[in-house]
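Residues per chain are reported as follows:
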Amino acid sequence: MALPLVRRATGASGRSSRFVALIAQAAYHLDELVPLGVALERRGVRSELWVTEPLRTRGGRLRPVVRRQRATIERIDGAIGPAESPPIASCSAVVVMNDWSALTRPIVRAAQAAGTPTFGWVEGAQDFTDAEGPVRRHPYRSVDHVLALGDDSAQYFQDRAVTIVGGRRLWAIWQTSVRGIPDRLAAVNSNFTYRVLEEARRPWLRSVHQACARANMPSVVSQHPAEQALVRPRRTSREPVADLLTTHSVLISRFSTVCFEALVRGVTLAYHNPHGERMGTFVDPRGGFSVTSDTDELASVLSNPARPRAEVRRLAEPFLRQHLRLDGGDPAERAANAVVEALR
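Residues numbered from 1 in each chain as written. Predicted model: local features only at pLDDT ≥ 70, side-chain atom pairs only at ≥ 80, totals over all residues. Heavy atoms only, no water.

A. How the structure looks around the pairing of strand β11 (residues 268–272). When you tally the buried positions in β11, you get four out of five residues, the bulk of the element. As paired strands, strand β10 (residues 248–253) and β11 are joined by four bridges and run parallel to one another. If you follow V250 over to β11, its bridge partner there is T268. Viewed along the sheet, the connection from β10 through helix α8 (residues 257–264) into β11 turns out right-handed. Note: β11 against strand β12 (residues 290–292), three bridges, orientation parallel. (Buried < 20%, exposed > 50% of the residue type's maximum accessible area, 1.4 Å probe, protein only. Helix = DSSP H or I, 4+ residues; strand = E, 2+ residues; numbered from the N terminus. Pairing = 2+ DSSP bridges. Right-handed = clockwise from strand over helix to strand, strands pointing away.)

B. Spatial organisation of helix α3 (residues 105–113). Within the sequence span of α3, burial applies to R105, P106, I107, V108, A110 and A111. Of the surrounding secondary structure, the elements contacted by the buried residues of α3 are β1 (6–8), β2 (19–24), β4 (91–96) and β5 (118–121). Downstream of α3 by a residue or two, G115 has a phi angle that is positive, lying close to 80°. (Contact = heavy atoms within 4.5 Å.)

C. Fine view of the pairing of strand β3 (residues 47–52). Of all six residues in β3, six are buried, a share of seventy percent or more. As defined by bridge partners, β1 adjoins β3 across three bridges and the pair is classed as antiparallel. Paired with R8 across the two strands is W50, which belongs to β3. For the handedness criterion, the β-α-β arrangement of β2, helix α1 (residues 30–42) and β3 is classed as right-handed.

D. Region of the structure containing the pattern of salt bridges. All told, the structure shown has 21 salt bridges when counted by the stated rule. For the salt bridge of R7 with E53, the shortest nitrogen-to-oxygen distance reads 3.0 Å. On the criterion of sequence distance, the pair formed by R7 in strand β1 and E53 in the loop between β3 and α2 (64–75) is long-range, its members being 46 residues apart. Classification of R7 as partly exposed rests on a relative accessible area of 24%. Linking E48 and R8 is a salt bridge whose minimum nitrogen-to-oxygen distance equals 2.7 Å. (Salt bridge = Lys/Arg side-chain N within 4 Å of Asp/Glu carboxyl O.)

E. Structural context of α1. The terminal C-alpha atoms of α1 lie 18 Å apart, and with 13 residues this matches the ideal 18 Å at 1.5 Å per residue to within 8%. Residues L30, E32, L33, P35, L36, G37, A39 and L40 constitute the buried set of α1. (Expected span 1.5 Å × (residues − 1).)

F. Focus on the sheet that holds β4. As summarised here, the arrangement of the seven strands in space is β1-β3-β2-β4-β5-β6-β7, forming an open sheet in which the pairing is mixed. The two strands at the open ends of the sheet, each matched to only one other strand, are β1 and β7 (161–164). On average, adjacent strands in this sheet sit at an angle of 25° to one another, irrespective of strand direction. On the sheet, α3 packs against β1, β2, β4 and β5 and is oriented at approximately 145° with respect to β5. Its contacts with the sheet place helix α11 (residues 331–343) against β2, β4, β5, β6 (145–148) and β7, and it is angled at close to 165° to β5. (Axes fitted to C-alpha atoms, helices over the stretch in contact; angles between N-to-C directions.)

G. Representation of the packing of α1 against α11 within the structure. At a minimum axis separation of 8 Å, α1 and α11 run at an interaxial angle of 55°. Taken together, the axis directions place α1 and α11 in an arrangement best described as oblique. Between α1 and α11 lies a crossing whose hand is right-handed. Across from P35, L36, A39, L40 and R42 in α1, the residues of α11 making contact are A332, E333, A335, A336, V339 and V340. (Parallel < 35°, antiparallel > 145°, perpendicular 65-115°, else oblique. Left-handed = near helix turned anticlockwise from the far one by under 90°.)

H. Layout of the packing of helix α6 (residues 201–214) against helix α9 (residues 295–302). Interhelical geometry of α6 versus α9 gives an angle of 45° and a closest axis separation of 8 Å. Looking at the two axes, α6 sits oblique to α9. As for the relative orientation of α6 and α9, their crossing is right-handed in sense. Here S207, V208, Q210, A211, C212 and R214 of α6 lie close against α9, whose contacting residues are T295, D296, L298, A299 and L302. Each residue belonging to the contact of α6 with α9 can be placed in one class, and the counts come to six nonpolar, three polar and two charged. (Nonpolar A, V, L, I, M, F, W, Y, C, P; charged D, E, K, R; others polar.)

The quantities given are spatial measurements derived from coordinates; they are silent on function.
Put into structure tokens, the structure is as follows:
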């Protein structure tokens, strides 16, 4: 079996030659995997952080996956080794944040062929049933054990081992206090990527801009790093959407993990779905945010006065607790417990 190449973080420590491989494909994966490695170390279990090396193709340097890999290495401050074949035989377990890509699925299968336990930590809001998109990914159905974000994601894996651990980054934000009423500004999350509903991007953005104009709401667009199409420069921000959430009062978005983050930060969410997305995650807001299906509905939502962040968070808490485990301690500790238990 030909395996993709990986780069391994240097400086790993431990008391055993075998280790748990923690596989990152994007910089935000490090927010989960690095604390998991620390938690494993406290339990006497060695771990290594691996960054997958993009497949070599013509024009590869321009591909979003290559940019993601470079950003991931930069987050590790360059303490990363050369590209090499993953040493599966030395792994006591493998943890991935997604198990369906051409870079991770072969590694997961090789580990399973060697009798090595495999774990998939759900990376965020996910189309578990492949309701949208041109291909069937079967997310988190290659791994042996799913580390779920909450009750909602766990329900899709009742036929296999699943542990509800939560998301470490979102949990950490939830631990901080929120206060004040932010400026009346809208952050627009343009996230039509990986051939999923890409044809809806232009009409979706047109609807958003028209609604903002009617509501006299200043707005700025943050494009997902993997988006191929360009938005007018005067309407875009160079800041990541997560940074915009610290200063803006409203997030307008389609299906995205950023919707969770907005609510955790106390930012009013307008889940704008004029194109008829079928994923069920944000269908029932439980009083925590607005669901809009056309320009008029969105304009009406945006015309409302800005709410205090603490109030937004309070109203969103029933929805958030359905989808995220926010209490009971650090999710990295729970994930480490699940891995250690499988190694006994």
